[in-house]
Amino acid sequence: MKHLRILLLSLPAVVSATAFADSTAQISGSDYQVIEISPEANTGLDNIFTVYNTVGCSLSFKAQNGYTANVFRFSNLGGGYAEEVTNLDRSTDAVSLPLQKDDMGYIFEEGTSRYYCWVVNYANHYLHLNSAAVSPDSDCSYSIITIDGDASPITYYTINGQPRTLSRQLKVEYLTQEFDSDMQAYKTVDAVKEYESIGMVLSITPPAYCSTFFTISGDRFLRQWGMEQVAETSTAQPVAVECSTEAVQDFIDKEEGSNVMNGDDSVLGGSAPAQITFKAYTTEGVLHYEWQLDDTPDFDNPDYRFYQKDLDYTFNEEGTFYLRFIGSNADGTCETFSDTYTVAIGASALECPNAFSPNGDGVNDIWKVSYRSLIDFNCEIFNRNGQRIYSFTDPTDGWDGTWHGKKVKPGVYYYVIIATGADGKKYKKSGDINIINSINYGTSSGDGYYEDGM
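From a predicted model like this one, the values you see are computed outputs, not experimental measurements.

1. Some details on the state of the cysteines
Thinking step 1. Under the counting rule described, the total for this entry stands at one disulfide.
Thinking step 2. The disulfide that involves Cys140 links it to Cys334, with 2.0 Å between the sulfurs. Judged by the sign of its S-S torsion, about -95°, the cystine formed by Cys140 and Cys334 is left-handed. Taken as a pair, Cys140 in the loop between β10 (128-134) and β11 (143-150) and Cys334 in the loop between β25 (319-328) and β26 (335-337) lie far apart in primary sequence, 194 residues in all.
Thinking step 3. Judged by its relative accessible area of 33%, Cys140 falls in the partly exposed class.

Set out below in structure tokens:
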């Protein structure tokens, strides 16, 4: 047999010669449809044919002059080691040759024009899916499926002899869970993964997060020929776990007259007492819940552990605190961790104004203290005769300049405050309150008032 050494460096990566513009290669003699696949341009191939069984099949090519076209075939060595084919049928205007049992590449040459193709004999790669099972070795990162059968790679070669894999497009279908941020919950969804080939052990990541069975089906060729094979596992309980968490703190809107010195409302904490709700959303496999609270972010020895899914916690102490959620499966072999939340509670502070104007104009109508991180508070207001006319224990409250529902007379009043900060600081403050620009004091109709608050 004659051998032709093709100098690959002189060949373009993709040959679409003008002489072959209206010419196509065809395979005849197969009882099943021949599946054609367009290869990537950098393979140098014009076409890939997959034949159910090449026995009894022939490959033909219609060139401008079938009597002068030369034909070569090549194996995994590439086109540089192509062999010339001599047993050709030139009885028509097309040149044809019987196909080999082995997978093979072919070159049709007429003048300076060349056409390259690769023929896959599927009989050499027949898919077998006998059975499948979920492996007990499935862990926190993978769902592992063991397969009895053969779904090994189908390899073809470029004109340079480089191996490539022809994807079988095997499908693996199962159920899993994904977090829906709109619903604030994990929902069960269908999952489909595609594989070029499958070995005896298949590792699926991310793993299934709910009870499910796995269905393996394929391949693309048997699917197209109406002979798709299917293997299905029994239902398995989830091993892997996942969580999503959130922290919710209600801050008083400063535009509505808040007197709390919270600082940055985008940061958790601020002024004590700070009540924050921590919520955890978990996949089906999470059976144990724990929130950890510590004053260090490494959680080596957490100060507090709360064995619950949701946590309402009030921070009454100054300082920086760290929280995280841990969820685990039934036997504790898999854990899921939330991000670490940082809660910063500021040092206490208390400032008292000395005047306000309850004239109903919406500006400075209520006497309020400005404060931060006060966990105990008591304020009493007196008239100039020493009579207590108002008191309150919530520092967010204030005095609107009334007594028994009537406006008091403008003038000087006095306050006494006793408070304790989240940092342990004690406050005992007293001072004047000057009422100015008060109108309609007395009854609601303005026809009277309490003289000096009496």
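The rest of the description comes next.
2. Digging into the packing of aromatic side chains
Thinking step 1. Throughout the structure, instances matching the rule amount to 30 aromatic pairs.
Thinking step 2. Between the aromatic rings of Tyr304 and Phe306, the centroid separation amounts to 6.2 Å while the plane-to-plane angle is 20°, which identifies the pairing as stacked.
Thinking step 3. Residue Tyr304 is classed as partly exposed on the basis of its relative accessible area, which comes to 45%.
Thinking step 4. The exposure class of Phe306 is buried, given its relative accessible area of 18%.
Thinking step 5. Summarising the aromatic geometry, the rings of Phe306 and Tyr313 are spaced 5.7 Å apart at their centres and angled 65° between planes, so their arrangement reads as edge-to-face.
Thinking step 6. Taken together through their ring pairs, the aromatic side chains of Tyr32, Tyr52, Tyr122, Tyr126, Phe221 and Trp225 make up a single cluster.

3. Section: the nonpolar core
Thinking step 1. By size, the foremost hydrophobic cluster in this structure holds 38 residues, and its most contacted members are Val172 and Ile198.
Thinking step 2. Not counting residues within four places of it along the chain, the set of residues in contact with Val172 comprises Ala191, Val192, Lys193, Tyr195, Ile198, Leu202, Ile204, Phe214, Thr215 and Ile216.

4. Digging into the sheet that holds strand β17 (residues 215-218)
Thinking step 1. Taken in spatial order, the four strands make up an open sheet running β15-β14-β17-β18, and their pairing is antiparallel. What marks the edges here is a single partner per strand, and that holds for β15 (185-195) and β18 (229-232). Across the sheet, the mean angle separating the axes of adjacent strands is 25° when strand polarity is ignored.
Thinking step 2. Sheet topology note: the strand β14 (residues 170-180)/β17 ladder contains three bridges and is antiparallel. Considered in β17, the bridge of Val172 is made with Ile216.

5. A closer look at the pairing of strand β5 (residues 70-74)
Thinking step 1. Within β5, four of the five residues are buried, which leaves it mostly tucked inside the rest of the structure.
Thinking step 2. Pairing of β5 with strand β8 (residues 104-110), which is carried by five bridges, proceeds in the antiparallel orientation. Looking at the pairing, Val71 lines up with Phe108 of β8.
Thinking step 3. Across two bridges, the pairing between β5 and strand β6 (residues 83-84) is antiparallel. If you follow Arg73 over to β6, its bridge partner there is Glu83.

6. A closer look at the pairing of strand β32 (residues 388-392)
Thinking step 1. In this structure, strand β31 (residues 374-382) lies alongside β32, joined through four bridges in antiparallel fashion. By the bridge assignment for β32, Phe382 is matched with Arg388.
Thinking step 2. In this antiparallel pair of consecutive strands, β31 and β32, the connection spans five residues, and Gly386 shows a positive phi of 85°.

7. Some words on the sheet that holds strand β24 (residues 311-315)
Thinking step 1. One open sheet accounts for three strands, arranged β19-β21-β24; its pairing is antiparallel. Here the strands that pair on one side only, and so sit at the sheet edges, are β19 (243-249) and β24. Neighbour-to-neighbour, the strand axes of this sheet turn through a mean angle of 20°, independent of strand direction.
Thinking step 2. Strand direction decides the pairing type here: β19 and strand β21 (residues 274-282), joined by seven bridges, are antiparallel. Bridge pairing in β21 places Cys243 opposite Thr282.

Calculation criteria
Residues numbered from 1 in each chain as written. Predicted model: local features only at pLDDT ≥ 70, side-chain atom pairs only at ≥ 80, totals over all residues. Heavy atoms only, no water. Disulfide = S-S within 2.5 Å. Helix = DSSP H or I, 4+ residues; strand = E, 2+ residues; numbered from the N terminus. Buried < 20%, exposed > 50% of the residue type's maximum accessible area, 1.4 Å probe, protein only. Phe/Tyr/Trp six-rings, centres within 6.5 Å; stacked < 30°, edge-to-face > 60°. Core = buried A, V, L, I, M, F, W, Y, C linked by side-chain atoms within 4.5 Å. Contact = heavy atoms within 4.5 Å. Pairing = 2+ DSSP bridges. Axes fitted to C-alpha atoms, helices over the stretch in contact; angles between N-to-C directions.

So far we have only geometry, and geometry alone does not tell us how the molecule works.
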